[in-house]
Amino acid sequence: MKEQGTSVEFWSDPRMPYVETRRACAIRTCYKAHSHPTFSIGAVDQGNSIFTSHFGGTQQIDAGTLVLVPAHVEHACNPVPDQAWSYQMMHLDARWLNQLLQETAHKDAYQDIPQFKPVLYKQPKMYHDFSCLNSQLFDTALSYWEKEQTLITTLTELLFPYIQLEFLAPQHYAQQ
């Protein structure tokens, strides 16, 4: 049964198989710890959430927080008990993203995207830029080319220049 005022939307385009995104509004759904084969960027739009990851600990996050989770890193992000929250979540193909970053000025900074720790950012400009990107991907009036250009520009000029990812030590990354 869907609660009044809740919604979940998904966007993808077969011409851009390296990105998919979702928006969830006023939901209480909780997820067990999991991982994605993608580099994921999440944003809390409303409410509060608990983010947990072996590599990032447990932290309460609120509206305006951006969460970056590298591929294959186990994590969970759920609303605080008995509250609803709204969020956005974008999944980027890790190989595509790594290639994009190798082709830009960031080629020395990110050698192998999956070997980083999750990171949280509470920076209004980063949240705004990510939210604008996500809105444009959902915008049916924009062409595929406009969406692709916006994605590339936002990632390479507005987000990744300000992101500092911390490498995982190889012995901490793989299960032994």
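Now for a description of the structure that goes with this document. As the structure is a computational prediction, the values presented were derived from the model and not from experiment.

Rules of the game
- Residues numbered from 1 in each chain as written.
- Predicted model: local features only at pLDDT ≥ 70, side-chain atom pairs only at ≥ 80, totals over all residues.
- Heavy atoms only, no water.
- Helix = DSSP H or I, 4+ residues; strand = E, 2+ residues; numbered from the N terminus.
- Buried < 20%, exposed > 50% of the residue type's maximum accessible area, 1.4 Å probe, protein only.
- Contact = heavy atoms within 4.5 Å.
- Areas by Shrake-Rupley, 256 points an atom, 1.4 Å probe, with all protein chains shown as cover.
- Pairing = 2+ DSSP bridges.
- Axes fitted to C-alpha atoms, helices over the stretch in contact; angles between N-to-C directions.
- Phe/Tyr/Trp six-rings, centres within 6.5 Å; stacked < 30°, edge-to-face > 60°.
- Lys NZ or Arg CZ within 6 Å of the ring centre and 35° of its normal.
- Core = buried A, V, L, I, M, F, W, Y, C linked by side-chain atoms within 4.5 Å.
- Lys, Arg positive; Asp, Glu negative; His and termini not counted.
- Salt bridge = Lys/Arg side-chain N within 4 Å of Asp/Glu carboxyl O.
- Polar contact = N/O pair within 3.5 Å; in protein donor to acceptor, adjacent residues only side chain to side chain.

## Let's talk about the overall build of the chain
Phase 1 of the analysis: When its secondary structure is counted, the chain shows four helices and nine strands.
Phase 2 of the analysis: Walking the chain from its N terminus toward its C terminus, one meets helices and strands in the order β-β-β-β-β-β-β-β-α-β-α-α-α.
Phase 3 of the analysis: The buried share of the chain, reckoned over its 176 residues, is 47%.
Phase 4 of the analysis: Put simply, 74% of the contacts in the chain that link residues at least 6 apart link residues at least 24 apart.
Phase 5 of the analysis: Accessible surface for the chain amounts to roughly 9600 Å². Of this, 51% is attributable to carbon and sulfur atoms.

## Focus on the sheet that holds strand β5 (residues 57-62)
Phase 1 of the analysis: The strand order β5-β4-β7 describes an open sheet built from three strands, whose pairing is antiparallel. Since the sheet does not close on itself, it has two edges, and those belong to β5 and β7 (76-79), each with one partner. Each strand axis lies, on average, 20° off the axis of its neighbour in the sheet, ignoring direction.
Phase 2 of the analysis: Note: strand β4 (residues 48-53) against β7, four bridges, orientation antiparallel. Counterpart to I50 in the pairing with β7 is N78.

## Looking at the packing of aromatic side chains
Phase 1 of the analysis: Tallied over the entire structure, the rule returns four aromatic pairs.
Phase 2 of the analysis: Ring geometry for W85 versus Y87: centroids 4.5 Å apart, planes at 25°, classification stacked. Like Y87, W85 is buried.
Phase 3 of the analysis: Stacked on the ring of F138, the Lys or Arg R23 has its end atom at 3.8 Å from the ring centre.

## Brief notes about the nonpolar core
Phase 1 of the analysis: Within the largest apolar cluster, 31 residues are counted, with the highest numbers of intra-cluster contacts made by V19, L66, L92, L97, L151 and L155.
Phase 2 of the analysis: Within the residue set of this core, elements represented by two or more residues are β3 (38-46), β6 (66-69), β8 (85-93), α1 (94-102), β9 (119-121), α2 (124-138) and α3 (144-159).
Phase 3 of the analysis: Top contributing element to this core by residue count: α2, with six residues.
Phase 4 of the analysis: If sequence neighbours within four positions are ignored, V19 has contacts with W11, S12, M90, H91, L92, L137 and L151.
Phase 5 of the analysis: Core analysis: the next-biggest nonpolar cluster, separate from the first, contains 13 residues, A24, V44, F51 and V73 among them.

## A short note on the side chain of K147
Phase 1 of the analysis: As for its position among the elements, K147 is in helix α3.
Phase 2 of the analysis: Here K147 sits buried without a salt bridge, and the closest side chain of opposite charge, D13, lies 5.8 Å off (N-O distance).
Phase 3 of the analysis: In this structure the side chain of K147 is engaged in a polar contact, spanning 3.1 Å, whose partner is the backbone oxygen of D139.
Phase 4 of the analysis: Each residue touching K147, except ones within four places of it in the same chain, is listed here: W11, M16, Q136, L137, F138, D139 and L142.

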